[in-house]
Amino acid sequence: MIEMRREVEDSRSGTETKTETKETKVETAEISIDPRTIELCVRCGTCRSVCPAFEVLGWESKNTRGRVMVAKALGEGLAPDASVLDSLNTCTTCGICAAKCPAGANPPAIVQSARMGLVSQGVMTEAQAGFRTRIAESGNTFGEGGDRLGWLSDPDREGLKESSDLVYFVGCLDSYRYPEVAKKTFDLLKRFGATLLPEEVCCGSPLIRTGSDAGKFVDRNLRQIKMIGAKTVITGCAGCYSTLKKDYPPEFEVVSVPEFLAEHLAELDLRRLDLTVTYHDPCHLGRGSGIFDPPREVIKAICRLEEMRSNRQDARCCGGGGGVRAGYPDLSLEIAKLRLQDVPAGVDAIVSCCPLCIRNLSDASSEVEVIDLVDLVERAIVPP
Ligand code: SF4
Ligand code: SF4
């Protein structure tokens, strides 16, 4: 059983929010989801064969169809107890159920709406509350107090352009957990004139996926993008990509690092490496955004590519998204182990284009190295 938290607006200040932990049942919470989106589900159960959380947990309430029924019941007055929160929050938002649903339902969107409805009434898990607190206090998903641009060399910092058509949006994970990938990516992108946001904050993805409002963070990043005059924002994180593309106003173009690299292959002067790698499609970049070919083009320009057993539109989830890594680490790891079963034998590395996927798969993989596409590109660059 999980604990539930209830955030209560302080009516005296009107702004301050305090958090209480409740272990008991919460009274009925009203959520409003368009019933037409729920009625699309004809309960056929096709999703039982693809939902990664169901594959591990085996309960109908932890399957797509069960979650849709839970959301429906919430709309009809079901009290959101801990089992309801577990049902909704064990969804990684991988989207494979929506891709396979013969009735055209969009279960992750329903789950996200249900989470949002509950969170707006202060009903959430410890993990959801943790994201809210950490990001509100620090501007990043880890609650880190250090310099977000700590990976940047002094000359690069001094030479940062105040205006440019191109901005590299780094994201929390590469800023704080994979600074060497951030540096390698910026080293590539600055050749093409890219600059950085001077005070980048979390794109808002962890908040949005777990049901919270990210407007303040969207505004802060957007203000800087406009100040720089950027027409294109490039990011190497699948979660940031999806959020910048779908949750920000369409005032700039969003390009993923693999798309940018594929478009500029000729200018990168890469050498061939005697390696065989496989590629993991991040859910939000592949199935969610249709970016399948560019990373494969870049890999094939460098070395041999062997596909995973499930790939592209059918690629299985790494288990890290939708707040599952933070909220249900054991489940997240088990999903990652299942994904590793798709890796072809004998490959030298698993390549991906999302630091969350890389982190989750690395935690589950003791045998094969999991690297960013940028790591591979950097190894292939001919030294000057
Ligand atoms: S979500 Fe789609 S696949 Fe799953 S039970 Fe409903 S109609 Fe069937
Ligand atoms: S989005 Fe993925 S984890 Fe969520 S219900 Fe659908 S298949 Fe399951």
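Residues numbered from 1 in each chain as written. Chains lettered and ligands numbered in written order. Predicted model: local features only at pLDDT ≥ 70, side-chain atom pairs only at ≥ 80, totals over all residues.

**Some thoughts on helix α7 (residues 126–138)**
- Helix length check: α7, at 13 residues, gives a terminal C-alpha distance of 18 Å against a target of 18 Å (1.5 Å per residue), a fit within 8%.
- Buried residues of α7: A127, Q128, A129, F131, R132 and I135, and no others.
- Directly after α7, the chain includes G139, whose backbone phi takes a positive value near 80°. (Helix = DSSP H or I, 4+ residues; strand = E, 2+ residues; numbered from the N terminus. Expected span 1.5 Å × (residues − 1). Buried ≥ 20, exposed ≤ 12 C-beta atoms within 10 Å, placed from the backbone.)

**Examining the confidence of the model for the protein chain**
- Model confidence for the protein chain is summarised by a mean pLDDT of 92, while 92% of its residues fall at 70 or above.
- Between residues 1–25, whose pLDDT stays under 50, and residues either more than four places distant or in other chains, the model counts 41 contacts. (pLDDT = per-residue confidence, 0-100. Contact = placed C-beta atoms within 7 Å.)

**Examining the site of ligand 2**
- Around ligand 2 sit 15 residues, and of these C51, T64, C91, C94 and C97 come closest.
- Looking at the shell around ligand 2, the elements that each hand over two or more residues are α2 (52–57), α3 (64–75), α5 (96–100) and α6 (107–120).
- Residue composition of the shell around ligand 2, grouped by class: 10 nonpolar, four polar and one charged. (Near = placed C-beta within 6 Å. Nonpolar A, V, L, I, M, F, W, Y, C, P; charged D, E, K, R; others polar.)

**Section: unusual backbone geometry**
- Positive phi, close to 60°, is recorded for R43, a residue that is not glycine.
- By secondary structure assignment, the location of R43 is in the loop between α1 (35–39) and α2.
- Residue class for R43 comes out exposed when judged on the 11 C-beta atoms lying within 10 Å of it.
- Phi at R312 takes a positive value of approximately 50°, unusual for a residue other than glycine.

**Thoughts on the sheet that holds strand β9 (residues 304–305)**
- Ordered in space as β9-β8-β10-β11, the four strands form an open sheet in which the pairing is parallel. Edge positions in the open sheet fall to β9 and β11 (369–372), since each of these has one partner strand only.
- Taken together, the two bridges between strand β8 (residues 276–279) and β9 define a ladder with parallel strand orientation. Along β9, the bridge assignment pairs V277 with L305.
- With respect to the sheet, helix α16 (residues 293–302) is in contact with β8, β9 and β10 (349–352), its orientation differing from that of β8 by roughly 175°. (Pairing = 2+ DSSP bridges. Axes fitted to C-alpha atoms, helices over the stretch in contact; angles between N-to-C directions.)

**A word on the site of ligand 1**
- The immediate surroundings of ligand 1 are formed by 15 residues, with C41, C44, T46, C47 and C101 found nearest.
- Tallying contributions element by element places α3 first for the shell around ligand 1, with three residues.
- The class makeup of the residues in the shell around ligand 1 is 10 nonpolar, three polar and two charged.

**A look at the domain arrangement of the protein chain**
- Domains assigned within the protein chain are domain 1 (4–121), domain 2 (154–262) and domain 3 (267–380).
- Contacts between domain 1 and domain 3 engage 14 residues on the former and 17 residues on the latter.
- Sorting the residues of the side of domain 1 that touches domain 3 by element identifies α2 and α5 as the ones contributing at least two each.
- With five residues, the top contributor of residues to the side of domain 1 that touches domain 3 is α2.
- Within the side of domain 1 that touches domain 3, the residues separate by chemical class into eight nonpolar, five polar and one charged. (Domains from an automatic or database assignment.)

**Quick notes on the sheet that holds strand β7 (residues 253–256)**
- Here we have four strands laid out as an open sheet, ordered β5-β4-β6-β7, and parallel in their pairing. Each of the sheet's edge strands pairs with one partner strand only, and the pair in question is β5 (195–196) and β7.
- Note that strand β6 (residues 232–235) and β7 share four bridges and pair parallel. Within the sheet, the bridge partner assigned to I234 lies in β7 and is V255.

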